Each structure stands twice: as C-alpha cells, then as structure tokens.
Amino acid sequence: MTADPLLANIWAFLIAFAVFAYVVMDGFDLGIGILFPAFAVGEERDKAMNAIAPVWDGNETWLVLGGGGLFAAFPLAYAIVLPALYPPIIAMLLALVFRGVAFEFRWRDPAHRRWWDIAFTGGSFVAALSQGIVLGALLQGIRVADRAYAGGWLDWLTPFTLLTGAGVVVGYALLGATWLIWKTDGRGQDHAYRLAGWFGLATLVAIGAVSLATLFLSHGYQQRWLAMPQVLATAQVPLLSAITAFAFYRSLKKKREARPFFLALGLFAMGFAGLGVSIWPYVIPQSVTILDAAAPAASQGFMLVGAGVMIPIILAYTIWSYWVFRGKVETDGYH
C-alpha cells in the first residue's frame, strides 16, 4: 500500500496546526510560570495563577494531537525522531507533569506554597527549554541511515539547540506577560507591561539570532531563503515580522490591553511561517520527506474521518471555555 500525496499533505497541515495551536494556547501558560518569580508574593502571584486556572489543563490537548498524529500519520518520522530526541522529550513531559502537580498543590498545601511556586517555575522553564531544543534539533538535522536513527544519545545537544531553547523560553515569557496585560489590572498589569517590553526585545533578538544561525546550518537553507527568485517571497517573512514588532511596541506605548497579546502571537506566526519555508516538504530536514514518512493512504484516509469529527469539537469546546472565562481576573477568580 502506498501513500497518497494529497492525504499526506493534509495530515502535515493538521499536525502543523495542532503544534501551532499548542504554542498559542500553552505558550502563555508556560510563560506565566517562567515569569512567576518576578511577581510579588501574594496578590500578584494569585492573580497570575487565576488568569490561567480555567484553561491551562485543556491547552495541552493540542500537544497530544500533534504527537499522536505524527505517530499515526507519519510512523517513519515518529520512529526516527523519538530515539533521536528521547532526553529532551522525556524532560518536557516530566516537567509538564511536575508543574501540573505544583499548580494544584500550591492551593491545597499553603504551608509549603513557596516550594510549590519554585516547582511551578522550574517545570515551566524546563518544558519551554526542552521544546525549543527539540525544534533546534530538527532544524539542524537528524542523522538517518536505512530508515532509522543513526546518531548518538547526545547529538541533539549543540550551541544551536541551546539558542533555540533560550528563544522559546523568552518567547513564551513574552506571551505570558501580554496575557496578564489583558487579564489583570492595577499594579499587576503595570508590572506586566514592563515585562512585556523587556521580553519583547529579547524575543526579537532571539528571532534574529536563530534566523541567522539557521542559514549556516545547511546550504539548502541559504538557497531557500536567499536565492533568486524565491527571495522575493521569503523576504516578506522578516518584513512582516518587523511591521508586527513595530505595531507591538506601539500598542504597549498606547497601553492597549488585548492587542499586545495578539501581536505577540503574530511574531510567533511569522516564526512558524519561517520554519515552514525552511523545512517544507521535509518532515525531517534533508533526510525524510512528508511523502516518504507517510502511512498508507487507507490508514490516513480512515484517520482523517475521525479527525474531521474531533477537531471541530475540540475547537468549539476551546472557544466556548475561553468565552466563558473572558474578562479580568481577581484574586479569587474571574469577574
């Protein structure tokens, strides 16, 4: 049984959509955890927690969909990527579990709240760093021989992957700060405005550094971004990023509330578009294409029926939950 190009590309889009949805929805969640030590003990920290309390556990649905979709729709890619990236993936999953436990127990065990806050921050930081390292490891390439991983246990650990890891950490912190601008008021909101300004700058520096470093990973990346005539199209990505960054800082200066968050998401969208330019049509850059890794057409077609039912339901539930908990948050909940 052979793969179908149309189905393979549909599934690639669905998995990319799930990953981006996870970044959008869990990014600000992890970002608040990363920023947690910067908040004053008491009301500021309690408001920050309550700003994500109604939605934080549902955000990770998209991570499950992305990972499960990769396993089902592109089993070869799954079989190569997992052995290559076991350490950062395991670290990410353990960190997500640890921060989830800390989130619940900081309310139920106030005598040890300081330690649960540290655990919440540590889990958020490690999860974000691990996700960035995984991204960097995919971009720098995975050694493949005879349709299997051919590298070592620590091939993923390089200066480039640490750079992408740091970039994701500061980017998530930016999303967390802008979410709090939208969802809080008073002293906490003023603090979030200041944090958004600093982490916005750090995110732009990280985007620029990762973009430049990526060009030196492979001649193929240089061809995709700099060769004529495609440079006329690819140049729109940094141009739109610059316009978005200008609009972001303008919104901070004007003390807008919701706009900074959506403009920060715009920066992530531009980064995601740049990632697509760099790796398409590969699922493992320079080694395995989407069609090479795809499951048989019958399998992908069967799963697509289920995805066509479940994804709209997940989207509807997600939109509804965010709508229900719209508005500003107080120390004891939303109002």
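Residues numbered from 1 in each chain as written. Predicted model: local features only at pLDDT ≥ 70, side-chain atom pairs only at ≥ 80, totals over all residues. Heavy atoms only, no water.

**Observations regarding helix α1 (residues 5-35)**
Look at α1: 43 Å from first C-alpha to last across 31 residues, which is about the 45 Å you get at 1.5 Å a residue. Of all the bends in α1, the greatest measures close to 40 degrees and is centred on D26. With 22 of 31 residues buried, α1 lies mostly within the body of the structure. (Helix = DSSP H or I, 4+ residues; strand = E, 2+ residues; numbered from the N terminus. Expected span 1.5 Å × (residues − 1). Bend = angle between axes of the 7 residues up to and from the residue. Buried < 20%, exposed > 50% of the residue type's maximum accessible area, 1.4 Å probe, protein only.)

**Some details on a nonpolar patch on the surface**
A contiguous nonpolar patch, built from Y86, I90, L94, W153, L154, L157 and L162 and spanning about 720 Å² of accessible area, is present on the exposed surface. Ranked by residue count, the leading element in the nonpolar patch is helix α6 (residues 86-108), at three residues. (Patch = residues over 30% accessible without salt bridge, like charges linked within 9 Å, V, L, I, M, F, W, Y side chains within 5 Å. Areas by Shrake-Rupley, 256 points an atom, 1.4 Å probe, with all protein chains shown as cover. Salt bridge = Lys/Arg side-chain N within 4 Å of Asp/Glu carboxyl O.)

**Focus on the packing of helix α2 (residues 43-52) against helix α8 (residues 159-183)**
Orientation of α2 relative to α8, taken along the N-to-C sense of each, is 95 degrees, at an axis distance of 10 Å. The orientation of α2 relative to α8 falls into the category roughly perpendicular. Here A48, A51 and I52 of α2 come into contact with α8, specifically with W179, L180 and K183. Residues belonging to the contact of α2 with α8 are distributed by class as follows: five nonpolar, no polar and one charged. (Axes fitted to C-alpha atoms, helices over the stretch in contact; angles between N-to-C directions. Parallel < 35°, antiparallel > 145°, perpendicular 65-115°, else oblique. Contact = heavy atoms within 4.5 Å. Nonpolar A, V, L, I, M, F, W, Y, C, P; charged D, E, K, R; others polar.)

**What about the packing of aromatic side chains?**
The way to describe two aromatic rings as a pair is by their centre distance and the angle between their planes. This structure, assessed with the given rule, holds 17 aromatic pairs. A centroid spacing of 5.2 Å and a plane angle of 35 degrees characterise the contact between F105 and W116, whose relative ring orientation is tilted. One end of the pair, F105, is in helix α6; the other, W116, is in helix α7 (residues 113-140), with eleven residues separating them in the sequence. Given a relative accessible area of 21%, W116 falls into the partly exposed group. Positioned above the aromatic ring of W115, the side-chain terminus of R114 is 4.8 Å from the ring centre. Above the plane of the ring of Y193 lies K255, whose end atom (NZ or CZ) is 4.2 Å from the centre. (Phe/Tyr/Trp six-rings, centres within 6.5 Å; stacked < 30°, edge-to-face > 60°. Lys NZ or Arg CZ within 6 Å of the ring centre and 35° of its normal.)

**Thoughts on the packing of α7 against α8**
Where α7 meets α8, the closest approach of the two axes is 7 Å, and the angle between their N-to-C directions is 135 degrees. As the angle between them shows, α7 and α8 are arranged oblique. In the packing of α7 onto α8, the handedness of the crossing is right-handed. Together, F125, A128, L129, Q131, G132, I133, G136, A137, L139 and Q140 of α7 and F160, T161, L162, T164, G165, A166, V168, V169 and Y172 of α8 make up the contact between the two elements. Partitioned by chemical class, the residues of the contact of α7 with α8 number twelve nonpolar, seven polar and no charged. (Left-handed = near helix turned anticlockwise from the far one by under 90°.)

**So, the pattern of salt bridges**
Per the stated rule, a full pass over the model turns up five salt bridges. Of the charged contacts, one joins E104 and R108 as a salt bridge, the two residues approaching to 3.1 Å between their closest N and O atoms. With E104 and R108 both in helix α6 and four residues apart, the pair spans about one turn of that helix.

**Focus on the side chain of R45**
One can find R45 in helix α2. Only 3.4 Å separates the side chain of R45 from the backbone oxygen of F36, close enough to count as a polar contact. Apart from the residues within four sequence positions on either side, R45 is in contact with F36, P37, F39, A40, R106 and D117. (Polar contact = N/O pair within 3.5 Å; in protein donor to acceptor, adjacent residues only side chain to side chain.)

**Comments concerning the environment of V288**
Along the chain, the position of V288 falls in strand β4 (residues 288-289). A sequence separation of 32 residues divides V288 from W320, and the C-alpha atoms of the two residues are 39 Å apart. The contacts of V288, once residues within four sequence positions are left out, are L76, I80, Y282, V283 and A293.

**Topic: the nonpolar core**
Within the largest apolar cluster, 54 residues are counted, with the highest numbers of intra-cluster contacts made by F39, I52, Y172 and L175. Looking at this core, the elements that each hand over two or more residues are α1, α2, α6, α7, α8, α9 (186-215), α12 (236-253) and α13 (259-279). Of the residues forming this core, the biggest block, eleven residues, is contributed by α1. If sequence neighbours within four positions are ignored, F39 has contacts with I32, E44, R45, A48, L180, H191 and L195. L70, L82, I89 and V134 belong to the second largest nonpolar core, which has 29 residues in total. (Core = buried A, V, L, I, M, F, W, Y, C linked by side-chain atoms within 4.5 Å.)

On their own, these measurements won't tell you what the molecule is for.
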